[in-house]
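Read off the chains here:
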Amino acid sequence: MPRDDYQRQLKALRENVLYMGELVADRLRMGLDAMEQQDVELGQKVIEGDAEVNDLYLDLEQDCVDLLALQQPVAGDLRFIASTFKIITDLERIADLATNLGGYAKKANYEVFPDVDVQRIGDETLEMLAIAMAAYEDESTEDCFIVAERDDELDALCEAASETIVLDLIESEADDQPDVEDLMGDVSRLLLTVRDLERVGDHTVNIAARTLYMIENSDELIY
């Protein structure tokens, strides 16, 4: 019976981490929508919803600690719990970045840079997160490597977006604009948005890397 209870705890931990992944993905989608629609109320919901993610993170962190301390797992179970401990940290940080997006929605004006497709970058991060969590759920090494490959594409998108912003700013002759302060604020927020989305991608790679370690005891993707 104690062993059966232990296995149920492991199963519950995996299921709760998958739920956390869904919750974080939802917050990220809301943050992107808030920016696109310049919806201040939706942005505020993302910010306020971060408390729920933080509470879940603390609960799962304690579950990991209890399993390590009370069950003294070895081999595959130990790697699963240790990897999960790292993965929930990355999920919590993605949620923090989503709250940043919610905050940008209050003042951001992306129409001044129509050539920068923030939503495309955001969609790429959401797809990467979905693949990373599927890898964790299904123990798919193939999906782990797909996430790492997709991150190269995301980095290229973010670099191109940042270059476009800077070039557009130079060509706009900002000093001749009547609202230079507002323009510089939009530039700053847009660059921060691109940076934050790139960081979301980095965290999804971390999730994939820890999942690969969990499955095969391989540190190939751990930077």
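In this text the structure is predicted, and so the values were computed from the model without any measurement.

1. Quick look at the packing of helix α3 (residues 75-104) against helix α4 (residues 118-138)
Inference 1: Where α3 meets α4, the axes come as close as 12 Å, and the angle between the chain directions of the two elements is 160°. By the criterion of interaxial angle, the relationship of α3 to α4 is roughly antiparallel. The way α3 lies across α4 gives a crossing that is left-handed. Every residue of α4 that contacts α3 at Phe80, Thr84, Ile87, Leu91 and Ile94 is listed here: Leu129, Met133 and Tyr136.
Inference 2: For the contact of α3 with α4, the per-class residue count stands at 7 nonpolar, 1 polar and no charged.

2. Quick look at α4
One turn of an α-helix holds 3.6 residues; hence residues three or four places apart share an orientation.
Inference 1: If you check α4, its first and last C-alpha atoms are 30 Å apart, about what 21 residues at 1.5 Å a residue would give, namely 30 Å.
Inference 2: Just downstream of α4 lies Glu139, where phi reads positive at about 55°.

3. Some words on the packing of aromatic side chains
Inference 1: Scanning all chains against the criterion turns up 1 aromatic pair.
Inference 2: Each ring, one from Phe80 and one from Tyr136, has its centre 6.2 Å from the other, and the planes form 20°; the classification is stacked. Of the two residues, Phe80 is situated in helix α3 and Tyr136 in helix α4; the sequence distance between them amounts to 56 residues.
Inference 3: Classification of Tyr136 as buried rests on a relative accessible area of 0%.
Inference 4: The ring of Tyr136 is capped by Arg14, whose NZ or CZ atom sits 5.5 Å from the centre of that ring.

4. Points about the nonpolar core
Inference 1: Val17, Met20 and Leu91 are the most contacted members of the largest nonpolar core, which totals 66 residues.
Inference 2: If one sorts the elements of this core by residue count, helix α1 (residues 2-37) sits on top with 13 residues.
Inference 3: The contacts of Val17, once residues within four sequence positions are left out, are Leu60, Thr84, Ile87, Ile88, Leu91, Met133 and Tyr136.

5. Some words on the packing of helix α2 (residues 40-71) against α3
Inference 1: Orientation of α2 relative to α3, taken along the N-to-C sense of each, is 170°, at an axis distance of 9 Å. By the criterion of interaxial angle, the relationship of α2 to α3 is roughly antiparallel.
Inference 2: Each residue belonging to the contact of α2 with α3 can be placed in one class, and the counts come to 15 nonpolar, 7 polar and 4 charged.

6. Digging into a negative patch on the surface
Inference 1: Together, Asp55, Asp59, Asp63 and Asp66 line one region of the surface with negative charge.
Inference 2: Structurally, Asp55 can be placed in helix α2.

Rules and cut-offs
Residues numbered from 1 in each chain as written. Predicted model: local features only at pLDDT ≥ 70, side-chain atom pairs only at ≥ 80, totals over all residues. Heavy atoms only, no water. Axes fitted to C-alpha atoms, helices over the stretch in contact; angles between N-to-C directions. Helix = DSSP H or I, 4+ residues; strand = E, 2+ residues; numbered from the N terminus. Parallel < 35°, antiparallel > 145°, perpendicular 65-115°, else oblique. Left-handed = near helix turned anticlockwise from the far one by under 90°. Contact = heavy atoms within 4.5 Å. Nonpolar A, V, L, I, M, F, W, Y, C, P; charged D, E, K, R; others polar. Expected span 1.5 Å × (residues − 1). Phe/Tyr/Trp six-rings, centres within 6.5 Å; stacked < 30°, edge-to-face > 60°. Buried < 20%, exposed > 50% of the residue type's maximum accessible area, 1.4 Å probe, protein only. Lys NZ or Arg CZ within 6 Å of the ring centre and 35° of its normal. Core = buried A, V, L, I, M, F, W, Y, C linked by side-chain atoms within 4.5 Å. Patch = residues over 30% accessible without salt bridge, like charges linked within 9 Å, V, L, I, M, F, W, Y side chains within 5 Å. Areas by Shrake-Rupley, 256 points an atom, 1.4 Å probe, with all protein chains shown as cover. Salt bridge = Lys/Arg side-chain N within 4 Å of Asp/Glu carboxyl O. Lys, Arg positive; Asp, Glu negative; His and termini not counted. Charge placed at Lys NZ, Arg CZ, Asp CG, Glu CD.

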